[in-house]
Amino acid sequence: MENTAREYKIAMEVLNEDDEVITKLETACSDLKSILNQSLTIDSTYNKIHQNLQTIQESLTISSKTVAPLQSLSIANKALDTRINRAVSPALALLSSFSAAESLQRLLLDTASELPREMNPRKRLAKLIEYVGCVDRLDAAIGAIGEESEPAIQKLQEVVEFLSRTKAANLYTTARLRETLETLKALCEAEVEAMRFDGVLDEALLNLQDEYEALLLGIRHRDGGGGEGLGTEMEIKVLEKISHTLAANDCLDICIDMFVKVRYRRAAKALMRLNPDYLKRYTPEEIDEMQWEDLETSISLWMQHLELAVKAVLVSEKSLCRGVLGGLMGGSIWPECFIKIADKIMAVFFRFGEGVARSDKAPQKLFKLLDMFDSLEALKPDFEEVFEGEAGADICVRFRELEKLLVHGSTRVFWELGLQIEGSQDGLPPPVDGSVPKLVRYAVNYLKNLAVDSYSSPMEKVLRTQQMWKGGTLSELENDGDLLRDAISNVMEAIQRNIESKKTRYKDKVVAQIFLMNTYWYIYMRTRNTELGKLLGEAYMKKRYRNAAEESAYLYQKLAWGRLVRLLERESDSGGGEAKKLEAFMSGFDEMCERHISSYNIVYDADLRDQIKEAALRLVLPGYTEFYNANTPALAAVVEDCRPPQSIESSLRQIFEGGGGVQIERRRSMSQFDGVE
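Residues numbered from 1 in each chain as written. Predicted model: local features only at pLDDT ≥ 70, side-chain atom pairs only at ≥ 80, totals over all residues. Heavy atoms only, no water.

Chemist: Requested: an account of the overall build of the protein chain, with residues and values cited.
Modeler: On a plain count of helices and strands, the protein chain comes out with 20 helices and zero strands. The buried share of the protein chain, taken over its 677 residues, is 43%. Long-range pairs, those at least 24 residues apart, make up 82% of the contacts in the protein chain between residues at least 6 apart in sequence. Split by element, the accessible area of the protein chain, about 36,500 Å² in all, is 52% carbon and sulfur. (Helix = DSSP H or I, 4+ residues; strand = E, 2+ residues; numbered from the N terminus. Buried < 20%, exposed > 50% of the residue type's maximum accessible area, 1.4 Å probe, protein only. Contact = heavy atoms within 4.5 Å. Areas by Shrake-Rupley, 256 points an atom, 1.4 Å probe, with all protein chains shown as cover.)

Here it is in structure tokens:
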């Protein structure tokens, strides 16, 4: 029972709780119904508001359609106004440039008319500067028109395109505007073209070219080439301004061509006043045909004129060229222009020098070749300065090539001289009288001249240069003088071999010794106390030539007079021997005297002849006097020609003091001949 009661109690509590839930649900349901009713009311109100909004929207759409054209027109007007304003500014600038150009044209014509009337040179130059400035300003104004016309027309084009696009104007008006714009564009282009190429500016440029040429022609070198600067400061200033103006107007080629032609003519005319007619003959064949005196004179003139051309005429031309054209194209134009002027002038000098260097290698040409080489060496620093840089490279190369030709030519002449001497290519027999041969005289004097300072220095340099070109070295030589001394020694040895070769062609042994004595003594005495003697050394000259001359003198005495004395000294082998000795002596003595008078020639100097005479007297007279004194009484009866010693002495003196072909020169000492037996 208790359990039942408990369960009942629990069931009742559950029912009570369910009632509370139901009550809450009912309350919630009532609230939902209330909300739904309110929603229906709001929906009805919203529908009314929506209807009202639709009505307002329809009204706004109608209003917008009414206002839109007015708003679009306003915006278009503002855009058009902006474009018109943007087109006005460049159009005004263009009109201003046209006005300035017109004003400058009038000013230019007025200035041009004043130029011919101005006779004062300085004032005329000032007026010309004013004229050039006016040309430059007109050129700038025309250039401004060309530059400003395009943007001005472009802005007007934008206005027309806008009108066409926005239909702010009718089609007819737009088409007319397009046609007018095209006409304006063509007119601007034609006007600029005419103003630049077929108007006052073009005429002014032609006038400037004439003035430019006249100014260049008026700048002259003084007589003798002149080393002064060319043109006044004002003249150069005017020429420079004209050059810039012509270059700025597409006349640079005309300017350069005119400058080069005019200045070449002026430079060439300055040199032509020196009368360089020798330059007309320049081939090796033409050089070979010239008389030696003419060629010698021509080479001397060539050296003088070349130096004048480089150090005076072309230096001045270079300065003028730099002053007038230096500002064009960053300074790259004027060096080429100067080289064009100089190249033609230098080519004339080069070809003559090359012709001489390539011509026949006659011995006498060595000295002129050395003169030419030395003059080029002295000129080289100035030459390289005048023709500096890349522009002058070709001229400098030709200068060096000429030096090479002169080096080769000089050394070839010198070595061929030695070969000619040694080979006796003079083609002549030895002198029949034993005198010094012309070849030896020529060679010795030749080498003497070569040894003087004016020729030894360039010859040393030539020999050194030639050796270096051949890949040789100077390490074994103390200095250049050794090169020259060795070279001259070789020629001297060739001379000695030539002399010895000629000696063998004599059949008469006496005259052979006279030949050697004369020749070696000549060589020694002619070189003594000279630059040649100093170069070779006294010891060398004594050993080779003085000693040889003394030896020949000894042999001469022995062969010419010693054998006669021996005739008197030999023992007789039959009766009448002393008479036969005297007759043989007299016959031989007379024959020898006759040969000395008619055929032999001891020529070099009086002292040599005196010493040979005294030596002969000392050799002959003592023996003859002794023989005469011992045999006179017996011989006088049997020998018709029994002369006293005084007669023999007189004959000997006569042949040395009054013999044929005596040539008296400086007195020298030859004491070694004394006592020759």
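Chemist: Please set out the nonpolar core residue by residue, giving values where relevant.
Modeler: Counting 165 residues, the largest nonpolar core has Tyr-212, Trp-302, Phe-387, Ile-523 and Trp-561 as its most contacted members. Excluding residues within four positions of it along the chain, Phe-387 makes contact with Leu-314, Phe-338, Ile-339, Ala-342, Met-346, Gly-392, Ile-395 and Cys-396. (Core = buried A, V, L, I, M, F, W, Y, C linked by side-chain atoms within 4.5 Å.)

Chemist: So, the packing of aromatic side chains: which residues are in play, and what are the values?
Modeler: Evaluated as defined, the whole model comprises 18 aromatic pairs. Measuring from centroid to centroid gives 5.4 Å for Tyr-506 and Phe-515, while their planes differ by 50°, and the two rings are tilted. As far as burial versus exposure is concerned, Tyr-506 and Phe-515 are alike and both buried. Among the aromatic residues, ring-to-ring pairing joins Phe-338, Phe-350, Phe-383, Phe-387 and Phe-399 into one connected group. Note that Lys-344 overlies the ring of Tyr-264, its terminal NZ or CZ placed 5.0 Å from the centroid. Stacked on the ring of Tyr-282, the Lys or Arg Arg-351 has its end atom at 3.9 Å from the ring centre. (Phe/Tyr/Trp six-rings, centres within 6.5 Å; stacked < 30°, edge-to-face > 60°. Lys NZ or Arg CZ within 6 Å of the ring centre and 35° of its normal.)

Chemist: Break down the pattern of salt bridges for me, with residues and values.
Modeler: Per the stated rule, a full pass over the model turns up 26 salt bridges. A salt bridge links Lys-318 to Glu-388, with the shortest nitrogen-to-oxygen separation between them at 3.2 Å. Of this pair, Lys-318 sits in helix H8 (residues 292-325) while Glu-388 sits in the loop between helix H10 (365-386) and helix H11 (393-422), placing them 70 residues apart in sequence. Note on Lys-318: relative accessible area 8%, which makes it buried. (Salt bridge = Lys/Arg side-chain N within 4 Å of Asp/Glu carboxyl O.)

Chemist: Describe the environment of Asn-629, and please don't skip the residues or the numbers.
Modeler: Along the chain, the position of Asn-629 falls in helix H19 (residues 606-638). Judged by its relative accessible area of 54%, Asn-629 falls in the exposed class. Each C-alpha atom of the pair Asn-629 and Pro-644 lies 8.9 Å from the other, and the pair is 15 residues apart in sequence.

Chemist: Hey, could you go over the packing of helix H9 (residues 334-358) against H11 for me, with residue numbers and the actual values?
Modeler: Across the interface, H9 lies against H11 with an axial gap of 10 Å and an inter-helix angle of 10°. Of the possible angle classes, the one that applies to H9 and H11 is roughly parallel. Of the residues in H11, those in contact with Ile-339, Ala-342, Asp-343, Met-346, Ala-347, Phe-350, Arg-351, Gly-353, Glu-354, Ala-357 and Arg-358 of H9 are Ile-395, Arg-398, Phe-399, Leu-402, Leu-405, Leu-406 and Gly-409. (Axes fitted to C-alpha atoms, helices over the stretch in contact; angles between N-to-C directions. Parallel < 35°, antiparallel > 145°, perpendicular 65-115°, else oblique.)

Chemist: Account for the side chain of Arg-263, with residues named and values stated.
Modeler: As for its position among the elements, Arg-263 is in helix H6 (residues 252-272). For Arg-263, the side chain forms a polar contact with the main-chain oxygen of Leu-216, separated by 2.6 Å. Among all residues touching Arg-263, those that are not within four sequence positions of it are Leu-216, Ile-219, His-221, Leu-230, Glu-317, Leu-320 and Ile-341. (Polar contact = N/O pair within 3.5 Å; in protein donor to acceptor, adjacent residues only side chain to side chain.)

Chemist: Please give an account of H9 that cites residues and values.
Modeler: Between its first and last C-alpha atoms H9 spans 35 Å; for 25 residues at 1.5 Å apiece the expected length is 36 Å, and the two agree. The largest bend in H9 comes to about 30°, at Asp-343. (Expected span 1.5 Å × (residues − 1). Bend = angle between axes of the 7 residues up to and from the residue.)

Chemist: Any details on the side chain of Arg-546? Residues and values, ideally.
Modeler: Mapped onto the elements, Arg-546 comes out in helix H17 (residues 538-569). Relative accessible area serves as the criterion here: at 12%, Arg-546 is assigned to the buried category. A distance of 3.4 Å separates a polar atom in the side chain of Arg-546 from a polar atom in the side chain of Tyr-524.

Chemist: With reference to specific residues and values, describe unusual backbone geometry.
Modeler: Positive phi values are uncommon outside glycine, yet Asn-275 reaches one of about 60°. Take Asn-275: it is sitting in the loop between H6 and helix H7 (284-289). In this structure, Met-329 takes a positive phi of about 50° despite not being glycine. Its place among the elements puts Met-329 in the loop between H8 and H9.

Chemist: Summarise the environment of Leu-463; cite the residues concerned and give the values.
Modeler: Within the secondary structure, Leu-463 sits in helix H13 (residues 453-469). By relative accessible area, which is 7% here, Leu-463 ends up buried. Sequence separation between Leu-463 and Val-407 is 56 residues, and the spatial gap between their C-alpha atoms is 7.9 Å. Setting aside residues no more than four positions away along its own chain, Leu-463 makes contact with Thr-411, Trp-415, Leu-483, Leu-484 and Ala-487.

Chemist: Pulling in residues and values, what's your account of the packing of H10 against H13?
Modeler: Relative to each other, H10 and H13 sit at 80°, their axes nearing to 9 Å. In terms of axis orientation, H10 runs roughly perpendicular to H13. Listed contacts from H13 to Leu-366, Phe-367, Leu-370, Asp-371, Phe-373, Asp-374 and Glu-377 of H10 are Tyr-455, Pro-458, Met-459, Lys-461 and Val-462.

Chemist: Any details on the environment of Gly-537? Residues and values, ideally.
Modeler: Mapped onto the secondary structure, Gly-537 falls in the loop between helix H16 (531-536) and H17. Given a relative accessible area of 21%, Gly-537 falls into the partly exposed group. Separated by 52 residues in sequence, Gly-537 and Arg-485 place their C-alpha atoms 9.5 Å apart.

Chemist: Tell me about the confidence of the model for the protein chain, and please be specific about residues and values.
Modeler: Looking at the protein chain as a whole, its pLDDT mean stands at 78, while 69% of the residues score no less than 70. Below pLDDT 50 for its whole length, residues 474-478 participates in eight contacts with residues either more than four positions away or in separate chains. Ignoring residues within four places in sequence, the model shows residues 659-677, a span with pLDDT below 50, making 61 contacts including any to other chains. (pLDDT = per-residue confidence, 0-100.)

Chemist: Report on the state of the cysteines, specifying residues and quantitative values.
Modeler: Scanning the entire structure with this criterion turns up zero disulfides. With no disulfide partner, Cys-337 has as its closest neighbouring cysteine sulfur the one in Cys-321, 5.1 Å distant. (Disulfide = S-S within 2.5 Å.)

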